[in-house]
Amino acid sequence: MAKLVTYFAALKAAQQQLSVAQQDPSAAQFLLQEAQHWTFTQLVQHYRDTIPDDQLATYRQQVARVVAGEPPQYVLGHAPFYGREFVVSPATLIPRVETEELVDWVLTSQPAGARRVLDVGTGSGAIAVTLQAERPAWQVTGTDISAAAVAVARQNAQALAPQVHLTVGDLFAPVAGRRFDVIVSNPPYIDRTETAVMDASVKRYEPQGALFAAHQGLAFYERFATSLATMLTPQGNFFAELGYQQGAKVRAIFQAALPTALVTVRQDLSGHDRMVRVQLTE
C-alpha cells in the first residue's frame with residue numbers, strides 16, 4: 001500500500017530537492033499554489049491534507065523539470081502579472097514584477113479617458129493586455145517581431161482584453177503613419193558581455209531575441225530616440241524598462257535626440273534605475 005503524502009510533506013521534499021540542485025526552493029511553493037489556484041493561506045489550510053496520487057505524480061514531474069533548470073512558469077505554461085494569469089511559452093519572456101512597476105507608472109500618470117497606446121515588443125502581451133484591461137477607454141495596440149510571441153499574446157488578449165489589437169513586425173513598422181499618445185516598451189537591453197553573470201535558466205530557456213541588444217544593450221533606446229518625434233502626438237509620453245546600470249546612458253540618448261523633452265529615470269522598489277519616461281513638450 002502506497003504511503004499517504006500530505007501537501008506539507010510534498011512541499012518540503014520538493015524544496016529540499018531544489019536546494020540540493022541549487023535551484024530556487026521557492027519554486028516548490030509556486031508550483032503547488034499555481035496548480036491548485038491557491039493563495040498561501042489556502043495552501044497552509046491544506047498542509048495536513050493528503051495530496052491525491054495523480055496530483056502528487058504531476059507535482060513531482062514538474063519539480064523534476066525545475067530541478068533540471070526549466071523555469072517553473074514555462075513548466076506550468078502560465079505566470080501571474082498584475083493580478084491576472086498570463087499564458088507564457090519559450091517564445092515569450094516570463095513577465096516580472098519590475099514590469100508591473102512600469103505598467104503602474106503608465107496607469108497612474110495618464111488620464112483614464114481615451115488614449116491611443118502602443119506596446120512595442122509585446123511578447124506575451126502582459127503590458128498591452130493589462131493596460132487595456134485596466135483602462136477600457138484606451139485603444140491599445142501591441143507589436144512584436146516574433147509571430148510566435150504574438151500568437152501567445154493573442155491567447156491572453158482573447159481571455160482578458162479582446163479589444164487589444166496585435167500585429168507582427170519590427171518596432172514601428174506595423175503602425176507606420178500612425179501617432180500615439182503613449183508608447184511603452186520592455187525592449188531587449190542586455191549586453192552580450194553580461195552573459196556570464198546571468199541566471200542559467202534565463203540563458204537556456206527564455207527567447208534570446210527578447211533579451212540581448214547591440215551597442216552595450218542600448219540599441220533599441222537609440223532606435224526609439226530617433227523615431228519618437230514622429231510616432232508620438234504632441235505632449236505624448238514614452239515609457240520603457242531599462243537595465244539597472246543603464247539609467248545615465250539612456251537618459252543621455254533621449255536628451256540628445258529630443259533636447260526639449262523631459263526625461264525622467266525612475267528606480268524600482270529595490271532602489272535600482274529601472275524605468276525611463278520621455279515626455280514631449282512641443
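Values in this document were obtained by computation on a predicted structure and should not be read as measured data. (Residues numbered from 1 in each chain as written. Predicted model: local features only at pLDDT ≥ 70, side-chain atom pairs only at ≥ 80, totals over all residues. Heavy atoms only, no water.)

1. Describing the sheet that holds strand β7 (residues 232-241)
- Judged by pairing direction, the sheet is mixed, and its seven strands sit side by side in the order β5-β4-β3-β6-β7-β9-β8 without closing on themselves. Because the sheet does not close on itself, it has two edges, and the strands there are β5 (165-168) and β8 (262-267). Across this sheet, the average inter-strand angle for adjacent strands is 15 degrees, counted without regard to direction.
- Note: strand β3 (residues 116-120) against strand β4 (residues 139-144), five bridges, orientation parallel. By the bridge assignment, L118 is partnered in β4 with T141. (Pairing = 2+ DSSP bridges. Helix = DSSP H or I, 4+ residues; strand = E, 2+ residues; numbered from the N terminus. Axes fitted to C-alpha atoms, helices over the stretch in contact; angles between N-to-C directions.)

2. Some details on the pairing of β8
- In the sheet, β8 pairs with strand β9 (residues 273-279) via six bridges, with the strands oriented antiparallel. Bridging from a neighbouring strand, R266 pairs with M275 of β9.
- The antiparallel hairpin formed by β8 and β9 contains five residues in its connecting segment, where G271 sits at a positive phi of about 85 degrees.

3. Quick notes on helix α7 (residues 126-134)
- With respect to burial, α7 is a largely interior element, seven of its nine residues being buried.
- A126, I127, A128, V129, T130, L131 and Q132 are the residues of α7 that are buried. (Buried < 20%, exposed > 50% of the residue type's maximum accessible area, 1.4 Å probe, protein only.)

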